[in-house]
Amino acid sequence: MAGVNLSAEQLEKLKAAMAKAKVNTENPQQKKAMLQAVMQQGAASPVSAPAESVMMVPEEEPDVETNLAEGTYLRVEEDEMAAWLYLAPPDAGQTYTKRDLEKYLERNGVVKGYHSSNLSAMIKKKVYDREILVAKGAEIKPGTDGYFEYLFSPEEHSGPKILEDGSVDYSSMSALQNVHKGDKVAIYHYAEQGENGYTVRGGEMKANPVRDLPPMRGKGITRENGIYYAQSDGKIEVKDGKIDIQSVHEIIGDVDAIIGKIEFFGDVIINGNVDGGVVIRAGRNIEIHGTTGAATLFAGGDVMLSRGIQGGGKIAARGNVFAEFIENTTVEAGGLVQANVILNAKVIAKDKVITTGKRGAIIGGYTHALKSIEVMTAGNDVELKTILHCGYEPDSFDRLLETRRKESELKEKLSKLVDTMTEALREKRTRGVNMARSTENSLVEWNNLKDEYFAELDKVGKEREELETNMEEGRDSYIKVDGNIYRNVVISINAEQMTLDRNTCFMRYSADRGVIEGTVIVHN
């Protein structure tokens, strides 16, 4: 076929027909058949004729030629991330080249990630009769989403520190993280894209996309090129992903009856003692580092007493209460109450009551927690009556039934009132200006009464939801005494209670189907 001359048009037709028929140009038989078909049809023949004639020629696989000795093989790992070559020694008088090895890899489908130094070493050092790593895939390099780096601890406060000897350092508690105007408070790190991976057979593995975060919001901060600065002095914290810088009222020294009352919308920090009779109201946290007498403390956040409280005071906190000791004091907390000793006190917590430290005791008084009570010691050897109650209050079920009755009654009244108002409005549209003045006045009164019904219904509904939530959360409540329990301690869970008639220890109490069950705590 070397002597055949083709016109430009015939040459183009030949190329198109070969492409359409997927003819292997390396195969002499297929190439010859195609060329003959094009020559026979002439310059004016349509392209489809040789394509059809060529399609009758069976497509053959290309010959795989290799000069590597018999016994050579390639092993590709199942995940296609590595390929190993076993090279048999060459026949007498034969030599291998690096290109020979690469061609062998290509013909066996390994096309990426060649280990060039290993291939060269196999040739140079004549490494035969053992598997050598010759190709390796690339793992995906994951990217990183954008994130904020806080230059302060974002926790609101730290609780008491438990020391190595098991005692608790309540003086280590702090609700303060102070910053000054112009301080750097956070740095934003932009998202970095990852890198795709691949297998030795050329398969691509996509890295997951990354995303940037929106700018940080908050009070008292300003942003410059991804760096956030404080605009004023104060206490800094993170709430719901937003930085908040608040003012703090701090007193160096004692607070006595002369000062009498402190009210502040932010945090109140007292680095001294607080005498009895003092009233402190804080919109956020109260922190007292000295002793506290019979004071009254109201906090929108937490109350932290490094030296405890005694003498008949009162604490009301929406958050947690931490104290070294609580004696003859009434405590109500929206979170947990944690102390070393609770003595003759009335403590109510919507979360847990925990005593930690060397004594970890509750002695006398009434202690209630919705979820659990965890103590080291309950009661004492003089058998002082000590009541421990967890779960929902005994009268909660009756109160729940009453709120449901009120709610149903209000809905019925509201429904009748709406029907009456609807009828009056229909009359007004029909009669217009001829409508009786008494009906007009009644519509005004009915509208006011409707608003009252809705307000009362909302109040009763919230009370019902709270009772239902408390009863649900109280179902799994428990009392755990990880030490001594003395006679005359009352164990009460939900609506059930039992009084211990003998001393015992290491017990966990829970209620199942109206019966209090005690199980022994086993320490390994």
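Residues numbered from 1 in each chain as written. Predicted model: local features only at pLDDT ≥ 70, side-chain atom pairs only at ≥ 80, totals over all residues. Heavy atoms only, no water.

A. Representation of the confidence of the model for the protein. Summarising the model, the protein shows a mean pLDDT of 83, and 83% of its residues fall at 70 or more. This model gives residues 20-29 a pLDDT under 50, and the stretch forms 18 contacts once residues within four places in sequence are excluded. Low pLDDT, under 50, characterises residues 42-64; the stretch is placed with 35 contacts to residues that sit more than four places away or in other chains. (pLDDT = per-residue confidence, 0-100. Contact = heavy atoms within 4.5 Å.)

B. Geometry of the sheet that holds strand β27 (residues 346-349). With respect to topology, 10 strands assemble into an open sheet ordered β17-β19-β21-β23-β25-β27-β30-β33-β35-β36, the strand pairing being mixed. The two strands at the open ends of the sheet, each matched to only one other strand, are β17 (261-264) and β36 (496-499). Sheet twist, expressed as the average angle between the axes of neighbouring strands with direction ignored, equals 5°. Across 4 bridges, the pairing between β17 and strand β19 (residues 279-282) is parallel. Across the sheet, residue Lys261 finds its bridge partner in β19, namely Val279. (Pairing = 2+ DSSP bridges. Helix = DSSP H or I, 4+ residues; strand = E, 2+ residues; numbered from the N terminus. Axes fitted to C-alpha atoms, helices over the stretch in contact; angles between N-to-C directions.)

C. Looking closely at the packing of helix α4 (residues 98-107) against helix α5 (residues 116-124). For the pair α4 and α5, interaxial distance at closest approach is 9 Å and the crossing angle is 125°. The angle between α4 and α5 places the two elements in the oblique class. α4 and α5 meet at a crossing whose hand is right-handed. Between α4 and α5, the residues in contact are Lys98, Leu101, Glu102 and Leu105 and Ser116, Leu119, Ser120, Met122 and Ile123, respectively. The residue makeup of the contact of α4 with α5, split by class, is 5 nonpolar, 2 polar and 2 charged. (Parallel < 35°, antiparallel > 145°, perpendicular 65-115°, else oblique. Left-handed = near helix turned anticlockwise from the far one by under 90°. Nonpolar A, V, L, I, M, F, W, Y, C, P; charged D, E, K, R; others polar.)

D. Spatial organisation of the pattern of salt bridges. Enumeration according to the criterion identifies 22 salt bridges in this entry. For Glu402, the salt bridge goes to Arg405, with nearest N and O atoms at 2.6 Å. Here the residue Glu402 and the residue Arg405 both occupy positions in helix α6 (residues 396-431), the gap between them amounting to 3 residues, near one helical turn. The class for Glu402 is partly exposed, based on a relative accessible area of 34%. Put simply, Arg464 and Glu407 hold a salt bridge, and the shortest N to O gap is 2.6 Å. Of this pair, Arg464 sits in helix α7 (residues 437-474) while Glu407 sits in helix α6, placing them 57 residues apart in sequence. Comparing Arg464 with Glu407 shows no difference in burial state: the two are buried. (Salt bridge = Lys/Arg side-chain N within 4 Å of Asp/Glu carboxyl O. Buried < 20%, exposed > 50% of the residue type's maximum accessible area, 1.4 Å probe, protein only.)

E. A look at a nonpolar patch on the surface. On the surface, Phe506, Val520 and Val522 cluster together to form a nonpolar patch covering roughly 290 Å² of accessible area. Tracing the chain through its elements places Val522 in the segment after β38 (515-520). You can call Val522 exposed: its relative accessible area is 64%. (Patch = residues over 30% accessible without salt bridge, like charges linked within 9 Å, V, L, I, M, F, W, Y side chains within 5 Å. Areas by Shrake-Rupley, 256 points an atom, 1.4 Å probe, with all protein chains shown as cover.)

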